[in-house]
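# Commentary on secondary and tertiary structure
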Amino acid sequence: MVSVGEARGLWELPIDLEWVATVLEGDPMRSQGALLDLTTGEVVHSSMIDFVAADGEGFATMHAEPERWLFLPSLGSRAARQDMSEFVAMITYLPLRKRMAEAIDGLGAFHRFRDLIYREGLVAEWHAFSDRRRIARAREFLAELGVQAVAQ
């Protein structure tokens, strides 16, 4: 693995930030995360490592060149829940804000929230808000490790 000091300022890579954001928001009980190839910017999800191993070459490279790979953990949905809460706080129509706040409370919050934003016609606004937040978190996470995503 690469230490922060070594990585700082060294890697500018074409990275799919949407994919990194998806990995970071993954359920840590179901996903072991992913590996970022510091030479190509490719993100290899842990579920794909068996397929990489089957071709032989990729698997050998992962073990022969561990400094080439940066681990990206699955951190869970806490940040996405926070995004929902902040989105709800931006709603100015109080009856709707109240219904949305109730929807995001407890188990099943993601499902209820999704249903409500579809019913209320807020899908585009939510996706724009959420996408900005997810990409910013992915970019920030990588920056803390010294990796800067550049245009692909």
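Higher on the page you've got the structure.
Below is a summary of the structure that appears in this document. This structure is a prediction, so every number in the text was calculated from the model and none was measured.

### Overview of helix α7 (residues 109-119)
A109, F113, L116 and I117 are the residues of α7 that are buried. Viewed along the axis of α7, the buried residues span an arc of 95°, placing them on a single side of the element. Away from its buried face, by an angle of more than 90 degrees, α7 presents the exposed residues Y118 and R119. Considering only its buried residues, α7 is in contact with α5 (78-90), α6 (94-103) and α8 (123-144). Following α7 by one or two positions, G121 adopts a phi angle in the positive range, close to 70°.

### Focus: α5
Here α5 is 13 residues long and its end C-alpha atoms lie 19 Å apart, about the 18 Å a rise of 1.5 Å per residue gives. Those residues of α5 that sit buried are A80, D83, M84, F87 and V88. On an axial view of α5, the arc spanned by its buried residues comes to 135°, and they lie on one face. Relative to its buried face, α5 has exposed residues pointing more than 90 degrees away, namely R78 and A89. The inward-facing, buried residues of α5 abut α6, α7 and α8.

### Some details on the sheet that holds strand β4 (residues 69-72)
One key point about sheets: their strands pair by backbone hydrogen bonds, in either a parallel or an antiparallel sense. Reading across the sheet, the three strands line up as β3-β2-β4 and stay open at both edges, with antiparallel pairing between neighbours. The outermost strands of the open sheet, each flanked by one partner alone, are β3 (43-45) and β4. In this sheet, neighbouring strand axes are inclined to one another by 25° on average, regardless of whether the strands run parallel or antiparallel. Here three bridges tie strand β2 (residues 34-37) to β3, and the two strands are oriented antiparallel to one another. The partner of L36 across the bridge, within β3, is V43. Contacts between helix α2 (residues 17-24) and the sheet are confined to β2, β3 and β4, with β3 contributing the most and set at about 35° to the helix.

### Here's the deal with the side chain of D37
Along the chain, D37 falls in strand β2. Judged by relative accessible area, D37 falls into the buried class, the value being 2%. One polar contact links D37 to T40, side chain to side chain, over a distance of 3.3 Å. Side-chain polar atoms of D37 contact the side chain of R68, separated by 2.7 Å.

### Observations regarding the side chain of S74
In this fold, S74 is placed in the loop between β4 and α5. Among the polar contacts made by the side chain of S74, one reaches the main-chain carbonyl oxygen of V23 at a distance of 3.1 Å. Residue contacts for S74: discarding those within four places in its chain leaves V23, L24, G26, D27, P28, S31 and G33.

Calculation criteria
The numbering scheme is per chain: residues are counted from 1 as the chain's sequence reads. Since the coordinates come from a predicted model, pLDDT governs what is reported: local features require at least 70, and pairs of side-chain atoms require 80 or more to be given and counted, while whole-chain, interface and lining totals use all residues. Note: side-chain values were computed over all heavy atoms of the structure, leaving out hydrogens and water. For the exposure calls, accessible area comes from a 1.4 Å probe over protein chains only, and a residue counts as buried if that area is under 20% of its type's maximum, exposed if over 50%, partly exposed in between. In DSSP terms, a helix is any run of H or I states spanning at least four residues, a strand is any run of E spanning at least two, and both are numbered starting from the N terminus. The directions from the helix axis to the C-beta atoms are what the arc is built from. Only heavy atoms enter the contact rule, under which two residues are in contact if any of them lie within 4.5 Å. Under the convention used throughout, the expected extent of a helix is 1.5 Å for every residue step, that is, one less than its residue count. Following DSSP output, two strands are said to pair if at least two bridges run between them. A fitted line through C-alpha atoms represents every axis, and for helices the fit uses only the stretch in contact; the resulting angles, taken between N-to-C directions, go from 0 to 180 degrees. Whenever two N or O atoms come within 3.5 Å, that pair is a polar contact, provided that in protein one can donate a hydrogen and the other can accept it, and provided that, for residues adjacent in sequence, both atoms are side-chain atoms.

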